[in-house]
Amino acid sequence: MSIDIYPKFRELKISDAAVFDQAFKDRPPEISEFTFTNLYSWRLAYSLRVSLFDGLIILCSESESRKRFFNPVGKGDMKAAVEKILKDSGGIFFRLPEETRALFAEDKRFRIEPDRDSGDYLYSASDLTNLPGKKYDGKRNLIKRFKSERAYEYITLNAGNVALCLDFEEAWCSLKNCDKVDGLSKERLAIKDMVENFPLFGLIGGAIQVNGVISAVALAQKLNPDTMVIHILKADSTIAGLYQTMLQEFISREGSSFRYVNMEQDLGIEGLRKAKLSYHPCSMVNKYALSLAEQ
């Protein structure tokens, strides 16, 4: 299905997958938002709409009063596209990668602001597997404790068994009151889309069974040739060491061909930030907001 030409926008559709996948292949992304999996699964949360501007795919989020645009996708004159859309809309480009920030760094007509809460955590896949050195003592001890106390089975997820994720998600949500927490409710819908489109999205999945019950799950995929991005990583928080074991098992079994693992952002949530920092990222994938300076 063709994408409308700017300034017309339409809803993002599942039939757009091939167009986006080709664009990401032509210009491999660094930011975690840029997989079709992420964009489509969160399309309702973002009120996401799509258009085509001189060969570049433009994504507009109408979830707030001021229109927000993602970094243009594909090959083309990025600076010209961003400048035109900002002037037309009075909106803002958000979660921009470093390469786009650099295009506007010396242009005083634009305001550039760092967005720490949206920065992605990037880890060495080898570190997450081997947990080397004293700084990972706590993680290794938790894993050792879990393995000594629990009989468990690791399962690679595929199109035939990935629906097990939904059973786990329902149990997890009943404990976390997902229906009463907006972010968790939206995540629940996103996971459903990922499960239903598992082969199309090219997802990688794993789970751990404890006493025959799925108690931890992970869903991920290739972000670029060097990096796997983890979209979902959850575990029963009442079982000590399960989360740490799930992550180590998943990376060692499913992520061995990648050099890096992107574990997305913390959204400014204090507990999530502390947890992600505790795994000692090798770097952050910085992101920025861009708007017209006179606004």
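Conventions and cut-offs
- Along each chain, residue indices are assigned from 1 in the same order as the chain's sequence is written.
- Where totals are concerned, whole chains, interfaces and linings use all residues; where local detail is concerned, this predicted model gives features only for residues with pLDDT of at least 70, and gives and counts side-chain atom pairs only at 80 or more.
- Excluding hydrogens and water, the side-chain figures rest on all heavy atoms present in the structure.
- The criterion is simple. A nonpolar core is a set of buried Ala, Val, Leu, Ile, Met, Phe, Trp, Tyr and Cys residues joined through side-chain atoms within 4.5 Å.
- The cut-offs for exposure are 20% and 50% of the maximum accessible area for each residue type, with area from a 1.4 Å probe on protein chains only; residues under the lower value are buried, those over the upper are exposed, and the others partly exposed.
- For this analysis, residues touch if any pair of their heavy atoms sits within 4.5 Å.
- In short, DSSP must find at least two bridges between two strands for them to pair.
- What counts as a helix is a DSSP run of H or I of at least four residues, what counts as a strand is a run of E of at least two, and both are numbered from the N terminus.
- Axes here refer to lines fitted to C-alpha atoms; in helices the fit is confined to the stretch in contact. Angles between the N-to-C directions go from 0 to 180 degrees.
- Excluding any residue in a salt bridge, patches collect residues exceeding 30% relative accessible area, merging like charges within 9 Å and nonpolar Val, Leu, Ile, Met, Phe, Trp and Tyr side chains within 5 Å.
- To measure how exposed things are, a 1.4 Å probe is used in the Shrake-Rupley method; for residues, cover is taken only from the protein chains shown.
- A pair is scored as a salt bridge if a Lys or Arg side-chain nitrogen falls within 4 Å of a carboxyl oxygen belonging to Asp or Glu.
- Every helix has an expected span of 1.5 Å times one less than the residues it contains.
- By convention, a stacked pair of Phe, Tyr or Trp rings (six-membered ring in the case of Trp) has centres within 6.5 Å and planes under 30 degrees apart, an edge-to-face pair has planes over 60 apart, and any other such pair is tilted.
- For a Lys NZ or an Arg CZ to count as sitting over a ring, it must be within 6 Å of the ring centre and within 35 degrees of the ring normal.

**Focus: the nonpolar core**
Leu12, Phe20, Leu39, Leu59, Phe70 and Leu219 are the most contacted members of the largest nonpolar core, which totals 41 residues. Setting aside its immediate chain neighbours within four residues, Leu39 contacts Leu12, Phe20, Phe24, Glu33, Leu48, Leu59 and Phe70. Formed by 29 residues, the second largest nonpolar core is a distinct cluster that contains Ile204, Ala220, Ala235 and Tyr279.

**Notes on the sheet that holds strand β4 (residues 68–69)**
If you trace the seven strands from one edge of the open sheet to the other, you get β1-β2-β3-β4-β5-β14-β6, paired in mixed fashion. Here the strands that pair on one side only, and so sit at the sheet edges, are β1 (10–11) and β6 (110–114). Pairing analysis gives two bridges linking β1 to strand β2 (residues 48–53), with the strands arranged antiparallel. Bridge pairing in β2 links Arg10 to Val50. Across the sheet, helix α4 (residues 78–89) touches β2, β3 (56–61), β4, β5 (92–96), β6 and β14 (288–292), and the angle it forms with β14 is around 60°.

**Focus on a nonpolar patch on the surface**
On the surface, Leu267, Ile269 and Leu272 cluster together into a nonpolar patch covering about 250 Å² of accessible area. Looking at the secondary structure, you find Ile269 in the loop between β12 (260–262) and α12 (270–277). Here Ile269 falls in the partly exposed class, since its relative accessible area comes to 45%.

**Details of helix α9 (residues 182–196)**
Over its 15 residues, α9 runs 22 Å from end to end, which matches the ideal 21 Å to within 8%, given 1.5 Å per residue. When α9 is considered as a whole, its buried residues turn out to be Glu187, Ala190, Ile191, Asp193, Met194 and Val195.

**Some words on unusual backbone geometry**
Backbone torsion omega between Tyr6 and Pro7 reads 15°, so that peptide bond is classified as cis. Tracing the chain through its elements places Pro7 in the segment before β1. The phi angle at Leu131 is positive, at roughly 45°, despite the residue not being glycine. The exposure class assigned to Leu131 is buried, which follows from its relative accessible area of 2%.

**As for the packing of aromatic side chains**
For any pair of aromatic rings, the description rests on two quantities: the centre-to-centre distance and the angle between the ring planes. Taken as a whole and assessed by the stated rule, the structure comprises 16 aromatic pairs. Measuring from ring centre to ring centre gives 6.4 Å for Phe9 and Phe69, while their planes differ by 50°; the resulting arrangement is tilted. Pair noted here: Phe9 is in the segment before β1 and Phe69 is in strand β4, with a separation of 60 residues, a long-range link. The same class applies to Phe9 and to Phe69, which are both buried. When the ring of Phe104 is compared with that of Phe110, the centres are 4.9 Å apart and the planes differ by 70°; the resulting orientation is edge-to-face. Taking the relative accessible area as the measure of exposure, Phe104 reaches 1% and is therefore buried. These aromatic residues form a ring-pair network of at least three members: Phe20, Phe24, Phe34, Phe36, Tyr40, Tyr46, Phe70, Phe94 and Phe201. Seen from the ring of Phe94, Arg68 lies directly overhead, with NZ or CZ sitting 4.4 Å from the centre.

**Topic: the pattern of salt bridges**
The final tally for this structure, using the stated rule, is 26 salt bridges. Arg116 is paired through a salt bridge with Asp266; the nearest N and O atoms lie 3.4 Å apart. Here Asp266 lies in the loop between β12 and α12 and Arg116 lies in the loop between β6 and β7 (120–124), a separation of 150 residues in the sequence. Look at Arg116 and you get partly exposed, because its relative accessible area is 36%. The residue Glu170 makes a salt bridge to Arg188 at a minimum N-O spacing of 2.6 Å. Linking Glu170 in helix α8 (residues 164–176) with Arg188 in helix α9, this pair joins segments that are 18 residues apart in sequence. For Glu170, a relative accessible area of 41% corresponds to the partly exposed category.

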